[in-house]
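Each chain, letter by letter, is given below.
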Amino acid sequence: MSSERPDEEKPETRDVLRVQDLIHGGGGASPVQSPTRLGPTRFSEVAGDKILNTGSNCIGSVLSWINGDPNRNLKNPVKRAKRKRIRTAKTAAFVIVLVGFFIFVNWFMLSQLHEGRAWLRRGFSKKTNLKPKLNPDPNSSVKRVSVKVSANVQHKEKKKMGKPKKTYNGTYGRLLAYAAHALAEGQNKLEPKELWREPKDQALAWKPCADQRSWKPSDGKNGYIMVTANGGINQQRVAVCNIVVVARMLNATLVVPKFMFSDVWTDASQFGDIYQVEHFIKYLSPDIRIVKKLPKELQSLDLEAIGSVVTDIDVMKEAKPGFYMKHILPLLLKNRVVHFFGFGNRLAFDPIPFELQRLRCRCNFHALNFVPKIQETGAILVRRLRDSGSHLAPVDPYLVGPKFASFILDKKAGPLHKASKYLAVHLRFEIDMVSHSLCYFGGGDAEKAELDAYREMHFPTLANLTKTKKMPSPDDLRTEGLCPLSPEEAVLMLAGLGFGRKTRVFVAGANIYGGNKRLAALTSLYPNLVTKENVLSQTELEPFKNFSSQLAVLDFIACAASDAFAMTDSGSQLSSLVSGYRIYYGAGKMPTIRPNKRRFSDILLKNNTIEWKVFEQRVRKTVRQTKHVLVRPTGRSVYRYPRCKECMCNED
């Protein structure tokens, strides 16, 4: 199997691009040789045939000169030795002459090639006096005229495009200037159609079916399971669905989950502040037994003293079902209650029985409905982003409920009213992500000191590792695609894909590291950029003030309902959950842009030399390769990749 990466250019492609740069008058260094011929040369087929015929006629005489007359008497040993020495000398002389001849030919060809390049650079200028040499090929004049006309057209196009007027500082200043110029020049151009749609035929074949059941309810008689989920709202959502599966697996009764207070998120919201508790209990009642609190006789137990508290340190990441049956079930049967404290991503995706995997999907896509307060504000947000549209997206009723979904629909808008499309971008560029990544983002010593201090406070284990072990360098991390995209990199991706300057862009995220200064490139290239803070009024945001998790849910709703969604960090839980939600309920009409950061990093490494057209081509090719409709790979998250037999049914 070839080890060639699919996004890398073939050598032939690179050579063509080099020739195009020469035609456009690119200022880059010229390659030593160009394998691409722009027309017949003195060493084309006609001249080559003449050389070949001449050479074949003289081979016999050369060999005769070296070997001497074959009819001479060779019996005298003295004469034979003398002739051998003469033959050796002649052979050496012939080799020297032959090598010299090839050197001369090579020099001559290179000189002609460089002369041709100089003509390409100067010949399209009105000031040049250089004329093309005559060529024995009768078609040469036609070919040279076609090359000249083509080059003149390209030269005029480049001249028309001109140089970027606005300058940008920083690592990507040159590319940002070209992006701004390209967007300004192309305001009246149509965007590529694939930006706003999925590969429809394949996507339409998948239908939601996680709500189907084929088992009897669990009586939960083996004991009670409590859980305190850690992380932000999206990590907590994953933890809730994982613990639902564990409860069914152990035939235990689940107590309504609690959320751990995080000094990173600083949000005291509990399960009932975000999700509808009654719907959660009722919807999953055919699967597991759920209660709001422990029975009185168990509430007084010191769970830590009896060993019933299980932390995330005690359970390996993505533990298999066998771990719970072997280690947790005996503890549950003994003490009647187990408390998972700090529970998160502690259940493997494979191997796991079919019905348990389906229960996981059922919990995520059907059992977790947001409370009315969040649904109503989310509906207002989506309505304004769509500019009072006359249609509902397939996900709307599931995101905000049937009642508030009808509010999104503008009943006064006539059938000809066209809703505004909007693109949602999740910039996972808060300080916690930036510091945890160990990457560098151009802020110098001040950035390094600030992120080091943040790691010491919030990620002490990671901070200690950076002192005691050799960690990958920021450059290595970036090359491997392990750094979150900065706002500058994100806007270059959007411009490279072809999103027009007038596109309405919703940016999801809390406090972007670097503040408004860091967002300057985004707002400059896309002036119709908005966030929930400037779409909703202060009065509408007031109930969510100081509740970062509830504000994150509003971002989730706006991203999931968008006409196109772009993630900038594949490791983000919000991006993963939004992507999966759009697949599950999107009916093949809701595309998600998933950049391969490793390949994108390889493109950005050439930011000082790459031409904008080449940048566009490579970015579009990289993203196009990620938009295939794929079945969930083994071991990957069903929350992000619900196209599998457990979650969705394929009607093909």
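Residues numbered from 1 in each chain as written. Predicted model: local features only at pLDDT ≥ 70, side-chain atom pairs only at ≥ 80, totals over all residues. Heavy atoms only, no water.

Engineer: Any chance you could explain the side chain of Ser576 here in plain terms?
Structural biologist: Turning to its location among the elements, Ser576 is positioned in helix H25 (residues 573-585). The buried category is assigned to Ser576, whose relative accessible area is 11%. Of note is the side chain of Ser576, whose polar atom sits 3.0 Å from the backbone oxygen of Ser572. For Ser576, the contacting residues outside a window of four places in its chain are Ser570, Tyr639 and Arg640. (Helix = DSSP H or I, 4+ residues; strand = E, 2+ residues; numbered from the N terminus. Buried < 20%, exposed > 50% of the residue type's maximum accessible area, 1.4 Å probe, protein only. Polar contact = N/O pair within 3.5 Å; in protein donor to acceptor, adjacent residues only side chain to side chain. Contact = heavy atoms within 4.5 Å.)

Engineer: What is the right way to read the pairing of strand S11 (residues 564-567) from this model?
Structural biologist: The side chains of a regular strand alternate between both faces of the sheet. Residues Ala564 and Ala566 line one face of S11 and the alternating positions Phe565 and Met567 line the opposite face, and both faces are buried. Pairing geometry for strand S8 (residues 422-426) and S11, over four bridges, is parallel. By the bridge assignment, Val425 is partnered in S11 with Ala566. Taken together, the two bridges between S11 and strand S12 (residues 592-593) define a ladder with parallel strand orientation. Residue pairing across strands places Ala566 opposite Ile593, the latter belonging to S12. Handedness of the crossover joining S11 and S12 through H25: right-handed. (Pairing = 2+ DSSP bridges. Right-handed = clockwise from strand over helix to strand, strands pointing away.)

Engineer: Even after reading the chapter, I still don't get the state of the cysteines, so can you show me in this structure?
Structural biologist: As used in these notes, a disulfide is a covalent bond between sulfur atoms, one from each of two cysteines. Counted under the stated rule, the structure contains three disulfides. Two residues, Cys209 and Cys649, share a disulfide whose sulfurs are 2.2 Å apart. Its S-S torsion of approximately 105° makes the covalent link between Cys209 and Cys649 right-handed. You can see Cys209 sitting in the loop between strand S1 (206-208) and strand S2 (224-229) and its partner Cys649 sitting in strand S13 (residues 648-650), a full 440 residues away along the chain. Of the residues examined, Cys209 reaches a relative accessible area of 1% and is grouped as buried. Disulfide pairing is shown between Cys361 and Cys647; the S-S distance is 1.6 Å. One end of the pair, Cys361, is in helix H12 (residues 354-367); the other, Cys647, is in the loop between helix H27 (612-624) and S13, and 286 residues separate them in sequence. (Disulfide = S-S within 2.5 Å.)

Engineer: I would appreciate a short explanation of the side chain of Arg632 in the present structure.
Structural biologist: Considering the arrangement of structural elements, one finds Arg632 in the loop between H27 and S13. Of the residues examined, Arg632 reaches a relative accessible area of 11% and is grouped as buried. Within polar-contact distance, the side chain of Arg632 engages the side chain of Asp350 at 2.8 Å. A polar contact is formed between the side chain of Arg632 and the backbone oxygen of Arg636, at a distance of 2.7 Å. Filtering out sequence-adjacent residues up to four positions away, Arg632 remains in contact with Phe349, Asp350, Gln357, Ser637, Val638, Tyr641, Arg643, Cys644 and Glu646.

Engineer: Looking at this structure, how should I read the packing of aromatic side chains?
Structural biologist: Working definition: an aromatic ring pair is given by the centre-to-centre distance plus the angle between the planes. Enumeration over the complete set of coordinates arrives at 20 aromatic pairs. Judged by centre distance (4.9 Å) and plane angle (90°), the rings of Tyr584 and Tyr585 are edge-to-face. When its relative accessible area of 6% is taken as the criterion, Tyr585 is described as buried. For the cation-ring pair, Arg383 lies above Phe407, with the distance from its terminal atom to the ring centre recorded as 5.0 Å. (Phe/Tyr/Trp six-rings, centres within 6.5 Å; stacked < 30°, edge-to-face > 60°. Lys NZ or Arg CZ within 6 Å of the ring centre and 35° of its normal.)

Engineer: Where do I start with the sheet that holds S8 in this structure?
Structural biologist: Working definition: the strands of a sheet are paired by backbone hydrogen bonds and lie parallel or antiparallel to each other. Here we have five strands laid out as an open sheet, ordered S10-S9-S8-S11-S12, and parallel in their pairing. The sheet is open, and its two borders are formed by strand S10 (529-530) and S12, each paired with just one other strand. The strands touched by helix H13 (residues 372-385) within the sheet are S8, strand S9 (504-508) and S10, with S9 carrying the most contacts at an inclination of about 150°. (Axes fitted to C-alpha atoms, helices over the stretch in contact; angles between N-to-C directions.)

Engineer: Before we go on, may I ask you to explain the pattern of salt bridges in this structure?
Structural biologist: A side chain of one charge can pair with a side chain of the opposite charge when the charged atoms of the two come close. What the rule picks out here adds up to 23 salt bridges. One salt bridge in this structure joins Arg362 and Asp287, with 2.9 Å as the shortest N-O distance. Residue Arg362 is found in helix H12, and its partner Asp287 is found in the loop between helix H9 (277-283) and strand S5 (290-291); the two are separated by 75 residues along the sequence. Neither residue differs from the other here; Arg362 and Asp287 are each classed as buried. For the salt bridge of Glu540 with Arg384, the shortest nitrogen-to-oxygen distance reads 2.8 Å. Taken together, the residues span a long stretch of sequence, with Glu540 in helix H23 (residues 538-541) and Arg384 in helix H13 at a distance of 156 residues. The exposure class of Arg384 is partly exposed, given its relative accessible area of 37%. (Salt bridge = Lys/Arg side-chain N within 4 Å of Asp/Glu carboxyl O.)

Such coordinate-based values are descriptive only and should not be taken to indicate function.
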